[in-house]
Amino acid sequence: MNMENKSIWSKYLKETNFNNKEVEFDVLIIGGGISGILTAYYLRNSNLKIGILERNKLLNGITSKMTAKVTILQDILTKIEDNKLDTYLKSQIDGLKLLKSNIQEEKIECDFKDNISYLFTTKTSNIKKIKKLKPHLDKFIKTEFSNFNLDNLDIKCSLKTNNSYEINPIKYLNQIIKLLNNTTIYENTNVVKVIKENNIFIAKTNKGLEYKSKKIVFATNYPYFLKPLLFPVKVRLEKSYIGYGNTNLKINKNINAINIDKDKYSIRFYKDKLIYLTASRLIASKVNDTRSFDKVINSNYLTNIDNLWSNMDIITNDYLPIVGELFKNMYILTGYNTWGLLSSHISSSIIASLITKNKKYLKYKELFKPRRKLTFKKFINSSLNIYESMNGYIKGIITKNKIIFYSKKEAMYVDNNGKYYIVKRKCPHLKCNLIFNSVEHTWDCPCHGSRFDLEGNLLSGPSKEDIKMQKNVK
Ligand SMILES: Cc1cc2nc3c(=O)[nH]c(=O)nc-3n(C[C@H](O)[C@H](O)[C@H](O)COP(=O)(O)OP(=O)(O)OC[C@H]3O[C@@H](n4cnc5c(N)ncnc54)[C@H](O)[C@@H]3O)c2cc1C
């Protein structure tokens, strides 16, 4: 078996060669994932000079590792407060219209097709949560209770809708990137600091370069630069483990499904094979990586695995996106709670509306505003999560995979050829202890999701620095 330890979408990532000199802009977008790309897209007719600064390669962050289900039947619906649910649902319907019209108008080939979506529970105690959703959903899409069955799972209640789709997100976004005429793109450009001088923002990179702009948009997923606004206690991370391969599940392959229970199951098909995802909705630190990957590998659903990978997304404590103007001319869009395909369309449209002073999507401005208040209970919960994640994983990590944490400050991995890699053990972001991801061979931060390669180079997340030691490979 030839298994790849990367997402199925990664082969669609393009080798780009953006080599641009321009350094002054009207709008500077930091982050070239779906949020940053779509923000540039919705500003394409604005006559504004736009720049995108991307730390790695475009789309190579969380966006290239999603399962890519396009549905309104989302597991987070049961968590959103009743009085906010209808507006959130409406935003997703608008997000869907935007996605569909882009595909149609720009004639984008991205394996977009109809399918059927299910939301289910295996817990009797959660039946009422699903039942409560139906009247809300029926205001926007047609749903029905169904007798959905998934092999060995004892499903107690499920809702079904035909208003659901699947997509290849990278094929879609590769086409969108080609349409960004007024945008200059910089890859391998890591922004480490943003300052404001005489009403102009200056983004400084780790290589000492400076990019200036009248307006700035943070599309970095984790809002690493916002410590004063207590973001670490307003959001947490959910880590998921995903396998793609043949299945012996005897069900219609034109479906996707997700449950609302504590242990997450999500399935969809791509080219007749199964994408199967598990996660614990608890904080990442409570999950042992190896055990979680084993759960995918040993699942009855996959008979062989072509691709195996993990991914993390931001969960906000009210399960609503964080979108809007933070300070004058400084904007943010993030916090999609693992439902970024529709939320990013509506969020980038909101940001474009705010920048161009168009009122079109501002009806969601209040609900998603970044500086909304926390309730005390939510604050306590989030703080506990952080405390736990700081303490998690400190002890005896997986020596069977030849990883040895040999001091408080350093971590070491020895590969099968005896080559060893020493890195700093603490994440430069907020000093959490890193854990070794034995499948993708990365050092992952369980607190806020920064990831580093074996040699300590920063791959993704809020950290702005590498974790390299001076002489780290022998
Ligand atoms: C397991 C999993 C499954 C999912 N499945 C689905 C699904 O089925 N359907 C759905 O709708 N959504 C899904 N999502 C959610 C979706 O993938 C995300 O919400 C979305 O991709 C987030 O996009 P983004 O642009 O905000 O982040 P990213 O794609 O991570 O983009 C942010 C970019 O910013 C760059 N960056 C960060 N810091 C800096 C810096 N300092 N300087 C320069 N650049 C920087 C990063 O390198 C990155 O490329 C899933 C998420 C997960 C975790």
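Novice: Describe the overall build of the chain, naming the residues involved and giving the relevant values.
Specialist: A count of helices and strands for the chain gives nine helices and 25 strands. Among the 474 residues that make up the chain, the fraction classed as buried is 59%. When contacts within the chain are restricted to residue pairs at least 6 apart in sequence, long-range pairs at least 24 apart make up 69% of them. On the chain, roughly 20,700 Å² of surface is accessible, and the fraction owed to carbon and sulfur atoms is 49%.

Novice: If you had to explain the pattern of salt bridges to someone new, which residues and values would you point to?
Specialist: Pairing between side chains becomes possible if they bear opposite charge and their charged atoms approach one another. In this structure the tally under the stated criterion is 25 salt bridges. Linking K6 and E4 is a salt bridge whose minimum nitrogen-to-oxygen distance equals 3.7 Å. For K6, a relative accessible area of 44% puts it in the partly exposed group. On the basis of relative accessibility, which here comes to 40%, the residue E4 falls in the partly exposed class. The shortest N-O distance in the salt bridge between K468 and D466 comes to 4.0 Å. For D466, a relative accessible area of 32% puts it in the partly exposed group.

Novice: Can you break down the packing of helix α2 (residues 82-105) against helix α3 (residues 127-137) residue by residue, with the values?
Specialist: Axis separation between α2 and α3 bottoms out at 10 Å; the angle between their running directions is 50°. As far as their axial angle goes, α3 and α2 are oblique. Remark: the crossing between α2 and α3 carries right-handed chirality. For the pair α2 and α3, the contacting residues are D82, L85, D86 and L89 in the first and K132, L133, H136 and L137 in the second. Among the residues forming the contact of α2 with α3, the class breakdown is four nonpolar, one polar and three charged.

Novice: Could you give an account of the sheet that holds strand β24 (residues 458-460), naming the residues involved and the relevant values?
Specialist: A sheet is described by the order of its strands in space; here four strands give the open sequence β21-β22-β23-β24, paired in antiparallel fashion. Lying at the two open borders of the sheet, with one neighbouring strand each, are β21 (435-437) and β24. Neighbour to neighbour, the strand axes of the sheet diverge by 35° on average, direction disregarded. Sheet topology note: the β21/strand β22 (residues 442-444) ladder contains three bridges and is antiparallel. From the neighbouring strand, I435 faces β22, where its bridge partner is D444.

Novice: Requested: an account of the side chain of T205, with residues and values cited.
Specialist: Examined against the element boundaries, T205 turns out to sit in strand β9 (residues 200-205). Overall, the relative accessible area of 7% leaves T205 in the buried class. In this view, T205 contacts T189, N190, V191, V192 and Y211; residues no more than four positions away in its chain are not counted.

Novice: I'd love a proper account of helix α6 (residues 289-297), names of residues and values included.
Specialist: Residues three or four positions apart in an α-helix share a direction because the helix packs 3.6 residues into each turn. By the burial criterion, the buried members of α6 are D289, T290, S292, F293 and V296. Taken end-on, α6 shows its buried residues confined to a sector of 165°, consistent with a single buried face.

Novice: Would you mind going over the side chain of S450 in detail, with residue names and values included?
Specialist: Its location among the elements puts S450 in the loop between β22 and β23 (451-453). Owing to a relative accessible area of 0%, S450 belongs among the buried residues under this scheme. Polar side-chain contacts of S450 include one of 2.9 Å to the backbone nitrogen of S463. The contact partners of S450, leaving out residues within four places of it in the chain, are C427, W443, D444, C445, S460, G461, P462 and S463.

Novice: Quick one: what's the story with the packing of aromatic side chains, residue by residue and with numbers?
Specialist: Tallying each qualifying case throughout the model produces 12 aromatic pairs. Relative to Y186, the ring of F25 lies with its centre 6.2 Å away and its plane at 85°, an arrangement referred to as edge-to-face. Taken as a pair, F25 in strand β1 (residues 24-30) and Y186 in strand β7 (residues 183-186) lie far apart in primary sequence, 161 residues in all. Judged by relative accessible area, F25 falls into the buried class, the value being 4%. Three or more aromatic residues joined by ring pairs form one cluster here, namely F25, Y186 and Y211.

Novice: Residue-level account of the site of the ligand, with values.
Specialist: Looking at the ligand, there are 35 residues lining it, with E54, T63, T67, K69 and L341 nearest. Residue T63 places a side-chain N or O atom 2.5 Å away from an oxygen atom belonging to the ligand. Contacts to the ligand include N190, whose side-chain N or O atom sits 3.4 Å from a nitrogen atom. When the free accessible area of the ligand is taken as 1,000 Å², the share hidden by the protein chains comes to 98%.

Novice: How would you summarise the packing of helix α1 (residues 34-42) against helix α4 (residues 169-178) if you had to cite specific residues and measurements?
Specialist: For the pair α1 and α4, the least separation of the axes is 10 Å and the interaxial angle reads 40°. Seen along the crossing, α1 lies across α4 with a hand that is left-handed. Listed contacts from α4 to I34, I37, L38 and Y41 of α1 are Y172, L173, I176 and I177. For the contact of α1 with α4, the per-class residue count stands at eight nonpolar, no polar and no charged.

Novice: Which residues make up the nonpolar core, and what values do they have?
Specialist: W9, I37, Y88, L137, I167, Y172 and F368 are the most contacted members of the largest nonpolar core, which totals 81 residues. Shared between two domains, this core takes at least three residues from each, and those domains are domain 1 (8-64 + 171-226 + 319-377) and domain 2 (106-168 + 233-316). Excluding its chain neighbours within four sequence positions, the residues that come into contact with L137 are I72, L73, L77, L89, T143 and L159. One finds L274, Y301, L302 and V439 within the second-largest nonpolar core, a separate group that totals 22 residues.

Novice: Tell me about the pairing of strand β11 (residues 235-245), and name the residues and values.
Specialist: A large share of β11 lies buried, amounting to 11 of its 11 residues. Neither face of β11 is exposed, since V235, L237, K239, Y241, G243 and G245 on one face and R236, E238, S240, I242 and Y244 on the opposite face are all buried. For β11 and strand β15 (residues 307-316), the ladder comprises 10 bridges, and the chain directions are antiparallel. Its bridge partner being in β15, I242 is matched across the sheet by W309.

Novice: Please give an account of α3 that cites residues and values.
Specialist: Taken together, the buried positions of α3 are I127, I130, L133, K134, H136 and L137. Residues of α3 that are buried in the fold lie against α2, β4 (113-121), β5 (144-145) and β6 (157-166).

Definitions and limits used
- Residues numbered from 1 in each chain as written.
- Predicted model: local features only at pLDDT ≥ 70, side-chain atom pairs only at ≥ 80, totals over all residues.
- Heavy atoms only, no water.
- Helix = DSSP H or I, 4+ residues; strand = E, 2+ residues; numbered from the N terminus.
- Buried < 20%, exposed > 50% of the residue type's maximum accessible area, 1.4 Å probe, protein only.
- Contact = heavy atoms within 4.5 Å.
- Areas by Shrake-Rupley, 256 points an atom, 1.4 Å probe, with all protein chains shown as cover.
- Salt bridge = Lys/Arg side-chain N within 4 Å of Asp/Glu carboxyl O.
- Axes fitted to C-alpha atoms, helices over the stretch in contact; angles between N-to-C directions.
- Parallel < 35°, antiparallel > 145°, perpendicular 65-115°, else oblique.
- Left-handed = near helix turned anticlockwise from the far one by under 90°.
- Nonpolar A, V, L, I, M, F, W, Y, C, P; charged D, E, K, R; others polar.
- Pairing = 2+ DSSP bridges.
- Arc of directions from axis to C-beta.
- Polar contact = N/O pair within 3.5 Å; in protein donor to acceptor, adjacent residues only side chain to side chain.
- Phe/Tyr/Trp six-rings, centres within 6.5 Å; stacked < 30°, edge-to-face > 60°.
- Near = heavy atom within 4 Å.
- Core = buried A, V, L, I, M, F, W, Y, C linked by side-chain atoms within 4.5 Å.
- Domains from an automatic or database assignment.

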